[in-house]
Amino acid sequence: MSEQYRQLSPSEFFYRNREVAGFSNPTRAVYQAVRELVENALDATEMHGILPDIKLELREEGDGSLTLAIEDNGIGIPSSEVPNVFGRVFYGSKYVLRQSRGVFGLGVKMVVLYAQMTTGRPVKVRTATARSKFVYEYEVMIDVEKNIPVIKSLKISRNDSKWHGTRVELSMRGNWVQAKKRVEEYVRRTALIAPYARISLEAPDLVLRFERSVEKLPPAPKVGRPHPKGVDIEMLRMMVERSKRSTPLVEFLVENFDGVGPVTARKFCEWAGLNPEMKLRDLKVSDLELLALKMQEFSGWRRPKASTLSPLGEELLAEGVRAVLNPEFVTAVSRAPSSYGGHPFVVEVALAYGGAIPPAERPLVLRFANRIPLLYDEGVDVSVKVVTEKIDWRTYKVEFPAPLAVVTHVCSTKVPFKGVGKEAVADVPEIESEIEAGVRECARRLRLHLSRLERLLEAKRWRVTVGKYVEDVSRALSYITNYDEEQLRSRLVELIRSRSSRGGR
Ligand code: ADP
Ligand code: MG
């Protein structure tokens, strides 16, 4: 018998291995579907300066299937792109150097695939871009073997209301009862990290509505160029191929990389022993190898620019935490940009204490990466490692059980996720130490707050204790000195109040 050889299309790969993208069982599938759709809706709004307005609906149908619909007020999708965007695995607009929730060009196709697999029905998409004269309504399925979209129907109507945005609807099998808690948690945490968004969810036994608590968006991320430290030979080869063959090396470096000026480029060439005027056409494979290696090693590059990132900022982060967790105390830190292996990143940390946070034996850790809440795989995440293993909370006056929540947010053009399900951040040393520094800074502020509380409490206790003797003392004093007892008493009360409000004795 001879072997049969053929190629596996990307759709078929993910159809067979859906668990790697988070679709491992009917519960997880519902959660993952909601997540992918919400991520796309947020990317289509906040990244383009639009305050998000997102409506999510889930219905259980008589035949046991689940209908999921989501509508956003985002930039919409050009009609000609709709089929590929929903029906071709690895197709998207986010393959650029800029922080976004989506990265792989995969998410929504996984949802469409799962829907198609479990109910055989197409995805329905209704969309219009800004100022589009028409609204387009598509029904799309995926040809799994060929990895191409199949358009089932297309309806075009006039866009009289000047609407823009996208509505996606699909039917899938899934376990809503089991998924409910996770979905609720996911939406709550999304509201925390996006306090500028209005998000509503209507589902069986669950209605959530988060109004926006701020009307301000963080500055949108800009598209950037790769940092010279992050290159490898293959990447260099592709970049060289895209450039004119007569370009001198120094110009190639300046034009293609982040933060490289002519002076730095020449300095680098000299250091690496390469001729800066050498034309790209004369670069041999061995030169490419040397170039890649030296670019990684050179210490004279500027840090990667952080304009490709979009951290929330301390004010917005604190506001989100306040609105969703309702704590007694909150503080937030947005660290200065840093980098690992040529990828810029920013770490943000918030700490919340007391109020509506229930006391627990361990700090509640709420993790986010590029504004995506991470709910699974907590045990292997770098933030959890820092918060539970590296920090001795007693140093900061926290005694467990304590009502303590730690929020961590890692933004990067390349978050080192463990797996395509995007649920945990790997422990890259540079990121780990930034998280630790952020948590410590917040924890020091918490310690100040707790000390202040402690002093107030002590003062109150003193007031109560001393207050017990006011009657007796004023009577005795009046007896000895002949002063009016009533006057003595009010004088004493006043004294106690003024001393205890200064926090001393
Ligand atoms: P990714 O989000 O990783 O790019 P997806 O498969 O989830 O991959 O989406 C593919 C592309 O479809 C996105 O890059 C985006 O251009 C487009 N898209 C998806 N959903 C929306 C939406 N709600 N509004 C506008 N564009 C969208
Ligand atoms: Mg996506």
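Here, residues in each chain are numbered from 1, in the same order as that chain's written sequence. Chain A is the first chain written and ligand 1 is the first ligand written, with later ones labelled in order. Confidence filtering applies because this is a predicted model: local features only for residues at pLDDT of at least 70, side-chain atom pairs given and counted only at 80 or more, and all residues used for totals across whole chains, interfaces and linings. The basis for the side-chain values is all heavy atoms of the structure; hydrogens and waters are excluded.

Trainee: Is there a simple way to explain the site of ligand 1 in this structure?
Mentor: Near, as used in this document, describes a residue that has one of its heavy atoms within 4 Å of the molecule or strand being considered. Around ligand 1, the structure places 19 residues, and the nearest of them are N40, D72, S93, K94 and K109. Polar contacts here mean pairs of N or O atoms no more than 3.5 Å apart (in protein, one a potential hydrogen donor and the other a potential acceptor; neighbouring residues in sequence count only if both atoms are side-chain atoms). Between ligand 1 and the protein, one listed contact pairs an oxygen atom with a side-chain N or O atom of K109 at 2.7 Å. If ligand 1 stood free it would expose 530 Å²; the protein chains cover 92% of that surface. A run of H or I in DSSP becomes a helix once it reaches four residues, and a run of E becomes a strand once it reaches two; helices and strands are each numbered from the N terminus. Of all the elements in the fold, those that place two or more residues in the shell around ligand 1 are α2 (26-46) and α4 (107-119). Here the nonpolar group is Ala, Val, Leu, Ile, Met, Phe, Trp, Tyr, Cys and Pro; Asp, Glu, Lys and Arg are the charged ones; every other residue, Gly included, is treated as polar. Classifying every residue of the shell around ligand 1 gives 8 nonpolar, 8 polar and 3 charged. All accessible areas in this document rest on Shrake-Rupley with a 1.4 Å probe, and a residue is counted as covered only by the protein chains that are shown.

Trainee: Explanation requested: the packing of helix α5 (residues 176-193) against helix α10 (residues 314-325) in the structure shown.
Mentor: To describe two helices that pack against each other, one gives the angle between their axes and the distance between the axes. Only C-alpha atoms enter the line fits that serve as axes; for helices the fit covers just the stretch in contact. Angles between N-to-C directions range over 0 to 180 degrees. For the pair α5 and α10, the least separation of the axes is 7 Å and the interaxial angle reads 145°. Of α10, the residues touching α5 (which contributes R188, A191, L192 and I193) are L317, G320, V321, V324 and L325. Residue composition of the contact of α5 with α10, grouped by class: 7 nonpolar, 1 polar and 1 charged. Contact between two residues is taken to exist if any of their heavy atoms lie within 4.5 Å; hydrogens are not considered.

Trainee: For this particular structure, what's the right way to read helix α7 (residues 249-256)?
Mentor: Accessibility here uses a 1.4 Å probe with only protein chains present; expressed as a share of the type maximum, an area under 20% marks a residue as buried, one over 50% as exposed, and anything in between as partly exposed. Restricting attention to buried positions, one finds in α7 the residues L249, V250, F252, L253 and N256. All buried residues of α7 fall inside an arc of 160° around its axis, so they share one side. Buried residues along α7 sit against α6 (233-242), α8 (262-272) and α9 (285-297). Arc definition: it is the arc formed by the directions from the helix axis to the C-beta atoms.

Trainee: Whenever I open this one, the sheet that holds strand β7 (residues 198-203) confuses me. Can you help?
Mentor: Strands belonging to one sheet form pairs held by backbone hydrogen bonds; the direction of such a pair is parallel or antiparallel. Between any two strands, at least two bridges found by DSSP are needed for them to pair. Spatial strand order, β5-β4-β3-β6-β2-β1-β7-β8: 8 strands in an open sheet with mixed pairing. Of all the strands in the sheet, just β5 (148-158) and β8 (206-210) have a single pairing partner and so form its edges. For this sheet the average axis-to-axis angle between neighbouring strands, irrespective of direction, equals 10°. Bridge count between strand β4 (residues 134-143) and β5: 10 bridges; the pairing is antiparallel. By the bridge assignment, V135 is partnered in β5 with S157. Packing of α2 onto the sheet brings it into contact with β1 (53-60), β2 (66-72) and β6 (165-172), and relative to β2 it is tilted by some 15°.

Trainee: Is there a simple way to explain the pattern of salt bridges in this structure?
Mentor: Here a salt bridge means any side-chain nitrogen of Lys or Arg lying within 4 Å of a carboxyl oxygen belonging to Asp or Glu. Summed over all chains, the structure comprises 43 salt bridges. With a closest N to O distance of 2.8 Å, R6 and E12 form a salt bridge. According to the relative accessible area criterion, E12 is buried, its value standing at 9%. E378 is paired through a salt bridge with R362; the nearest N and O atoms lie 3.3 Å apart. Taken together, the residues span a long stretch of sequence, with E378 in the loop between β13 (372-374) and α11 (382-390) and R362 in the loop between β11 (343-353) and β12 (364-369) at a distance of 16 residues.

Trainee: Hey, could you run me through the domain arrangement of the protein chain in this one?
Mentor: For the protein chain, the assigned domains are domain 1 (10-210), domain 2 (228-297), domain 3 (306-449) and domain 4 (452-501). All domain edges in this entry derive from an automatic or database-based domain assignment. Its C-alpha centre places domain 1 at a distance of 41 Å from the equivalent point of domain 2.

Trainee: Is there a simple way to think about the packing of aromatic side chains in this case?
Mentor: For any pair of aromatic rings, the description consists of the separation of the ring centres together with the inter-plane angle of the planes. Any two of the Phe, Tyr and Trp rings considered here, Trp counted by its six-membered ring, make a pair once their centres fall within 6.5 Å; the pair's planes then place it as stacked at under 30 degrees, edge-to-face at over 60, or tilted in between. As enumerated under the stated definition, the model contains 13 aromatic pairs in all. Measuring from ring centre to ring centre gives 5.2 Å for W271 and F298, while their planes differ by 50°; the resulting arrangement is tilted. Within this pair, whereas W271 is found in helix α8, its partner F298 is found in the loop between α9 and α10, the two being separated by 27 residues in sequence. With 6.1 Å between their ring centres and 55° between their planes, Y340 and F345 make a pair best called tilted. Like F345, Y340 is buried. Ring pairing ties together the aromatic residues F268, W271, F298 and W301, which thus form one cluster. Definition used: whenever NZ (Lys) or CZ (Arg) falls within 6 Å of the ring centre and also within 35 degrees of the ring normal, the charge is taken to sit over that ring. Of note, R18 hangs over the ring of Y15, and the distance from its end group to the ring centre comes to 5.9 Å.

Trainee: What exactly am I supposed to notice about unusual backbone geometry here?
Mentor: Excluding glycine, most residues fall at negative phi; most peptide bonds, likewise, are trans. The omega angle of the peptide bond from F400 to P401 is 0°, so this bond is cis rather than trans. Its location among the elements puts P401 in the loop between α11 and β14 (404-412). Of note in this structure, R371 is not a glycine but carries a positive phi near 65°. If you trace the backbone, R371 turns up in the loop between β12 and β13. For N482, which is not glycine, the phi torsion reads 70° and is therefore positive. As for its position among the elements, N482 is in the loop between α13 (470-481) and α14 (485-501).

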